[in-house]
Amino acid sequence: MARTSLPILIAFLLAFGGNLAHAVFPESEESEIERPPIYYAGIKAIEDGDYAKGLEIMQSFVAEDPQDADAWALIGFSLRKTKRYVDSELAYQKALKADPRNLAANAYAAKLYLETGRVQEAEQKLAVLDDLCADGKGCEERQRLAGMIDDYKKTGKVGSDW
């Protein structure tokens, strides 16, 4: 599959309103895969908070490419944002089956676990992010998740981040 450079992806996201400082999902190893415009339209819808539209777009995308872990992670994200936790978890499981080290799926699954009161499972995902960070990927997400877990343990609340 052809690969694009990260600068091209960044330019595309910026051109269509993506804010990289607050991007929907953390970059995974797969993020440089060249994907059709529909995929980026799904990201834009999700970034705009239109989770139903983003979900519909990403579901049509995975119907054509069922092994795309990033797309499954975005489906899980959209479902979690609409409080459809069981379906969200199933989407994250599909993402992680396709790519167990997918940064977005691991980070978002951890957030889902916190939202559903499953701290130990969130901590297991933190351990995966520890490994990814040791490999030079996802250190910011690892730090954010560690903070979320600490805050949850102190307050019993989950921040609105991610």
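Residues numbered from 1 in each chain as written. Predicted model: local features only at pLDDT ≥ 70, side-chain atom pairs only at ≥ 80, totals over all residues. Heavy atoms only, no water.

**Student:** Please explain the packing of aromatic side chains as it appears in this structure.
**Tutor:** One pair of aromatic rings is described through two measures. These are the centre distance and the angle between the planes. This structure, assessed with the given rule, holds five aromatic pairs. When the centroid spacing of 5.1 Å and the interplanar angle of 55° are considered together, the rings of Tyr39 and Phe61 count as tilted. Of this pair, Tyr39 sits in helix H2 (residues 37-47) while Phe61 sits in helix H3 (residues 51-64), and the two are 22 residues apart along the sequence. The two residues Tyr39 and Phe61 agree in class, both being buried. Members of the aromatic cluster, joined through ring pairs, are Tyr51, Phe77, Tyr92 and Tyr108. The positively charged end of Arg35 is found above the aromatic ring belonging to Tyr39, 4.3 Å away from the centroid. (Phe/Tyr/Trp six-rings, centres within 6.5 Å; stacked < 30°, edge-to-face > 60°. Helix = DSSP H or I, 4+ residues; strand = E, 2+ residues; numbered from the N terminus. Buried < 20%, exposed > 50% of the residue type's maximum accessible area, 1.4 Å probe, protein only. Lys NZ or Arg CZ within 6 Å of the ring centre and 35° of its normal.)

**Student:** Before we go on, may I ask you to explain helix H4 (residues 69-81) in this structure?
**Tutor:** Counted at 1.5 Å a residue, the expected span for H4 with its 13 residues is 18 Å, and the 18 Å between its end C-alpha atoms agrees. Of all the 13 residues making up H4, twelve are buried; the element is thus mostly covered by neighbouring parts of the structure. Those residues of H4 that fall on the buried side of the exposure criterion are Ala69, Asp70, Ala71, Trp72, Ala73, Leu74, Ile75, Gly76, Phe77, Ser78, Leu79 and Arg80. Elements in contact with the buried residues of H4: H2, H3, helix H5 (85-98) and helix H6 (103-115). Phi turns positive one or two residues past the end of H4, at Lys83, with a value near 65°. (Expected span 1.5 Å × (residues − 1). Contact = heavy atoms within 4.5 Å.)

**Student:** Would you mind going over the environment of Pro100 with me for this structure?
**Tutor:** Mapped onto the elements of the fold, Pro100 is located in the loop between H5 and H6. Residues Pro100 and Ala69 lie 31 residues apart in sequence; the distance between their C-alpha atoms is 8.8 Å. Excluding its chain neighbours within four sequence positions, the residues that come into contact with Pro100 are Asn106 and Val128.

**Student:** Would you mind going over the nonpolar core with me for this structure?
**Tutor:** Considering soluble globular proteins, one finds that nonpolar side chains tend to be buried as a cluster. Tyr39, Met58, Ile75, Leu114, Leu145 and Ile149 are the most contacted members of the largest nonpolar core, which totals 41 residues. Contact partners of Ile75, with chain neighbours within four places excluded, come to Leu55, Met58, Gln59, Val62 and Ala91. (Core = buried A, V, L, I, M, F, W, Y, C linked by side-chain atoms within 4.5 Å.)

**Student:** Would you take a moment to explain the confidence of the model for the chain for this structure?
**Tutor:** Predicted confidence across the chain gives a mean pLDDT of 84, with 80% of residues reaching 70 or more. Mean pLDDT values over the elements of the chain span from 35, in helix H1 (residues 6-15), up to 98, in H5. In this model residues 1-22 is a low-confidence stretch, pLDDT under 50, and it forms 25 contacts with partners more than four residues away in sequence or in other chains. (pLDDT = per-residue confidence, 0-100.)

**Student:** Got a minute to help me understand the packing of H5 against H6 in this structure?
**Tutor:** A pair of packed helices can be characterised by two numbers: the angle between their axes and the separation between those axes. Their axes nearest at 10 Å, the elements H5 and H6 cross at an angle of 155°. Taken together, the axes of H5 and H6 are roughly antiparallel relative to one another. In this structure, H5 crosses over H6, and the sense of that crossing is left-handed. Residue-level contacts link Tyr85, Ser88, Glu89, Tyr92, Ala95 and Leu96 of H5 to Ala105, Asn106, Tyr108, Ala109, Leu112, Tyr113 and Glu115 of H6. Residue classes in the contact of H5 with H6 are distributed as nine nonpolar, two polar and two charged. (Axes fitted to C-alpha atoms, helices over the stretch in contact; angles between N-to-C directions. Parallel < 35°, antiparallel > 145°, perpendicular 65-115°, else oblique. Left-handed = near helix turned anticlockwise from the far one by under 90°. Nonpolar A, V, L, I, M, F, W, Y, C, P; charged D, E, K, R; others polar.)

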